[in-house]
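Fold and geometry: a report
Chain by chain, the residues:
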Amino acid sequence: MTIAEMNFFQRMIYIIQDYGGSLLKGAATTMVIAIVCTLLGCVIGFAVGLVQTIEPHKKDGIIRRGILRVVKFILTAYVEVFRGTPMMLQAAFIYYGTSQLFGINLGMWSAAIIIVSINTGAYMAETVRGGILSVDPGQKEGARAIGMSQPQTMLLVVLPQALRNIMPQIGNNLIINIKDTCVLSIIGTVELFFTFRSISGALYMYFEAATVTMIIYFVLTFVCSRLLRWAESKMDGPSNFDLATTDTLAFTSGLTRYDSKKGGTH
Amino acid sequence: MDEILRIEHLVKTFGTNEVLKDIDFTVSKGDVISIIGASGSGKSTLLRCINMLEDATGGRILYHGKDILAGEVDEDRYRTKVGMVFQSFNLFNNFSVLDNCIVGQTHVLKRKKDEAEAKAMEYLSKVGMSQYIKAKPRQLSGGQKQRVAIARALAMDPEVLLFDEPTSALDPEMVGEVLDVMKSLAEGGMTMLVVTHEMAFARDVSNRVIYMADGRIEEEGSPREIFYSPKSPRTKDFLSRFTSNK
């Protein structure tokens, strides 16, 4: 049977049989880049978001305040530029820019990872900033009141809660990254979309190749989103606790006054 | 008696709003002082200034003779000595009940893990929460949260405990369990400074009562003096609203 005689499904099977290995390799590359870059982006995002939420201490001198303002300005510029331009252009800009201006030839992997991480970091910075602001200020006061230092308060109390609050957004970023690595095909990274273009170009079966590749993308993102959901519920732990049966104090109070002759508590 | 805290001419302004005007009083070892007064009279701000959660605008707060506002005592170390219990509990939501009572001990006081755990268990059983050590704060009722918050503060071995309206956010049936714990602390000799609307507690448990109005200490004295023979007409007026519906 020639390709021309095949129907839609037979052509899809043909693609999978002949190019299954390449597609899997492309999918693996996509996943590695997406996961590594989401993690690195989180690290960048936490660092930037943390600095942006620092309030100058009342005793800080003018120099420290000045440094903080300059650093915050640079970070804000970074966030705005990388959120405000297409990643495809950023990829071209960084990849060709480094080779033309500095003579550095970034390899496919390092270029891909640098670009997607920096881009994710810019989005994550805003997410982390929001996550930190969403933690009840009382948590900070509770920590300060038992003598925790500013860094201890952040590391032990505020950041873990901020992380939990922004988990859905981190998942969102991972899924966006799985799909958006396709723009890296502009610098020749052989990921899933690049593989699709090679197959469709070689076989002239655009519709079938697109269908197969879309299914692969969807399986990747769907599995990731379910796994993240599961991780979130793991972080939360069980939502109820056996409240009323074992707490003797809670049982007696409200039923009896602690000293009814003197007027009690009511 | 040993003097722990001496507040001198304390002033706090928010913008142009003068919330505390020239506050003077002392806290000695074993004192249980209730601070009463209408909402907005500056009671909570006073406590928050003492714990340095708010920066006082003027005056001095002497801790064993050293001015904390002038930086003569390390701020974080000072706070371990002056514990605080909040109206809204402020338990760490990301830690279990037990870890809430341990984390300060291990990270701030640098105690060993098992020593900290033993101490946490001691105070958790004192407040009747030892069965709940694995629970997270959101699994507890308000009264239970507040009792854990008290245990957390006690585990730091503070010299003074500040209570900022500890029962105001609670359902009526949970007020009793928290006041019971506070009463037993007072009987055990803990030095306490309690901002409260629980007049029965102020009258029966404390050894001194401070009545605040408009950012000033209007009247200060023993519970008997304040509740049964107040000198100031404002104190009389304030208390009549509570005694009339008894």
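None of the values given here were measured: they were computed from a predicted structure.

What follows covers the pattern of salt bridges. In total, this model carries 21 salt bridges over all chains according to the counting rule given. Between Arg 6 of chain B and Glu 3 of chain B there is a salt bridge, with its nearest N and O atoms 2.8 Å apart. Taking the relative accessible area as the measure of exposure, Arg 6 of chain B reaches 29% and is therefore partly exposed. The exposure class assigned to Glu 3 of chain B is partly exposed, which follows from its relative accessible area of 31%. One salt bridge connects Asp 214 of chain B with Arg 234 of chain B, and the closest N-O pair in it is separated by 2.9 Å. Residue Asp 214 of chain B is located in the loop between β9 (208-213) and β10 (216-221), and its partner Arg 234 of chain B is located in helix α9 (residues 233-243); the two are separated by 20 residues in the primary sequence. What you see here is one network of salt bridges that share partners, running through Arg 144 of chain A together with Glu 75, Asp 76 and Arg 79 of chain B.

Let us look at the sheet that holds strand β2 (residues 17-28) of chain B. Residues and elements named next belong to chain B. Read from one edge of the open sheet, four strands run β2-β1-β4-β5, paired in antiparallel fashion. The open sheet has two free edges, formed respectively by β2 and β5 (66-67), since each of these has just one partner strand. Pairing of strand β4 (residues 58-63) with β5 involves two bridges; the strand directions are antiparallel. Among the inter-strand pairings, Leu 62 is bridged to a residue of β5, identified as Asp 67.

Attention now goes to the packing of helix α6 (residues 150-180) of chain A against helix α8 (residues 206-236) of chain A. Residues and elements named next belong to chain A. Between α6 and α8, the shortest axis-to-axis distance is 10 Å and the interhelical angle comes to 170°. In terms of orientation, α6 lies roughly antiparallel with respect to α8. On α8, the residues touching Leu 163, Arg 164, Met 167, Pro 168, Gly 171, Leu 174, Ile 175, Ile 178 and Lys 179 of α6 are Tyr 217, Leu 220, Thr 221, Cys 224, Ser 225, Leu 228, Glu 232, Met 235 and Asp 236. The residue makeup of the contact of α6 with α8, split by class, is 11 nonpolar, three polar and four charged.

With 27 residues, helix α4 (residues 108-134) of chain A should cover 39 Å at 1.5 Å per step; its first-to-last C-alpha distance of 38 Å lies within 8% of that length. Where α4 of chain A bends most, the angle comes to about 25°, and this point is Tyr 123 of chain A.

Residue and element names in this part refer to chain A. Together, Val 32, Val 36, Leu 40 and Trp 109 give the surface a local cluster of nonpolar side chains, amounting to about 310 Å² of exposed area. Sorting elements by how many residues they give to the nonpolar patch places helix α1 (residues 8-52) first, with three residues. Looking at the secondary structure, you find Trp 109 in helix α4.

What follows covers the confidence of the model for chain B. Confidence along chain B averages 91 in pLDDT terms, with 98% of residues attaining 70 or more. Here the complex is predicted with pTM 0.82, and the ipTM for its interfaces comes to 0.88.

The next thing to look at is the confidence of the model for chain A. Residue and element names in this part refer to chain A. Per-residue pLDDT for chain A has a mean of 84; in total, 88% of the residues score no lower than 70. Across chain A, helix α5 (residues 137-145) holds the top mean pLDDT of 93, while helix α9 (residues 248-252) sits lowest at 52. A low-confidence stretch, residues 251-266 stays under pLDDT 50, and its non-local contacts, those more than four residues away or across chains, total 25 contacts.

All chains considered together, the criterion is met by nine aromatic pairs over all chains. Measuring from ring centre to ring centre gives 5.6 Å for Phe 218 of chain A and Phe 222 of chain A, while their planes differ by 20°; the resulting arrangement is stacked. Pair noted here: Phe 218 of chain A and Phe 222 of chain A are both in helix α8, with a separation of four residues, about one helical turn. Here Tyr 211 of chain B and Phe 238 of chain B contribute two aromatic rings whose centre-to-centre distance is 4.9 Å and whose plane-to-plane angle is 35°, an arrangement assigned as tilted. Of this pair, Tyr 211 of chain B sits in strand β9 while Phe 238 of chain B sits in helix α9, placing them 27 residues apart in sequence. For Tyr 211 of chain B, a relative accessible area of 4% gives the class buried. A cation over a ring is seen here: Arg 152 of chain B above Phe 92 of chain B, with NZ or CZ 4.4 Å from the ring centre.

For the rest of this paragraph, the subject is helix α3 (residues 97-107) of chain B. Most of α3 of chain B is tucked away: nine of the 11 residues are buried. For α3 of chain B, the complete set of buried residues consists of Val 97, Leu 98, Asn 100, Cys 101, Ile 102, Val 103, Gly 104, Gln 105 and Thr 106 of chain B. Turning to α3 of chain B, the residues buried within the fold contact α6 of chain A together with α4 (113-126) and α5 (142-155) of chain B.

Moving on to the state of the cysteines. All names here are of chain A. Scanning the entire structure with this criterion turns up zero disulfides over all chains. In this structure Cys 42 is not part of a disulfide, and its nearest cysteine sulfur, from Cys 37, lies 11 Å away. With no disulfide of its own, Cys 224 has Cys 42 as its nearest cysteine by sulfur position, at a separation of 13 Å. Classification of Cys 224 as buried rests on a relative accessible area of 8%.

Let us look at the pairing of strand β1 (residues 3-14) of chain B. Residue and element names in this part refer to chain B. Alignment of β1 against β2, held across eight bridges, turns out to be antiparallel. For Ile 7, the partnering residue across the bridge sits in β2 and is Phe 25. Where β1 folds back onto β2 in an antiparallel hairpin, the turn is made up of two residues, including Gly 15, whose phi is positive at roughly 60°. Where β1 and β4 come together, five bridges link them in antiparallel fashion. Across the sheet, Arg 6 pairs through a bridge with Leu 62, a residue of β4.

Rules of the game
- Residues numbered from 1 in each chain as written.
- Chains lettered and ligands numbered in written order.
- Predicted model: local features only at pLDDT ≥ 70, side-chain atom pairs only at ≥ 80, totals over all residues.
- Heavy atoms only, no water.
- Salt bridge = Lys/Arg side-chain N within 4 Å of Asp/Glu carboxyl O.
- Buried < 20%, exposed > 50% of the residue type's maximum accessible area, 1.4 Å probe, protein only.
- Helix = DSSP H or I, 4+ residues; strand = E, 2+ residues; numbered from the N terminus.
- Pairing = 2+ DSSP bridges.
- Axes fitted to C-alpha atoms, helices over the stretch in contact; angles between N-to-C directions.
- Parallel < 35°, antiparallel > 145°, perpendicular 65-115°, else oblique.
- Contact = heavy atoms within 4.5 Å.
- Nonpolar A, V, L, I, M, F, W, Y, C, P; charged D, E, K, R; others polar.
- Expected span 1.5 Å × (residues − 1).
- Bend = angle between axes of the 7 residues up to and from the residue.
- Patch = residues over 30% accessible without salt bridge, like charges linked within 9 Å, V, L, I, M, F, W, Y side chains within 5 Å.
- Areas by Shrake-Rupley, 256 points an atom, 1.4 Å probe, with all protein chains shown as cover.
- pLDDT = per-residue confidence, 0-100.
- Phe/Tyr/Trp six-rings, centres within 6.5 Å; stacked < 30°, edge-to-face > 60°.
- Lys NZ or Arg CZ within 6 Å of the ring centre and 35° of its normal.
- Disulfide = S-S within 2.5 Å.

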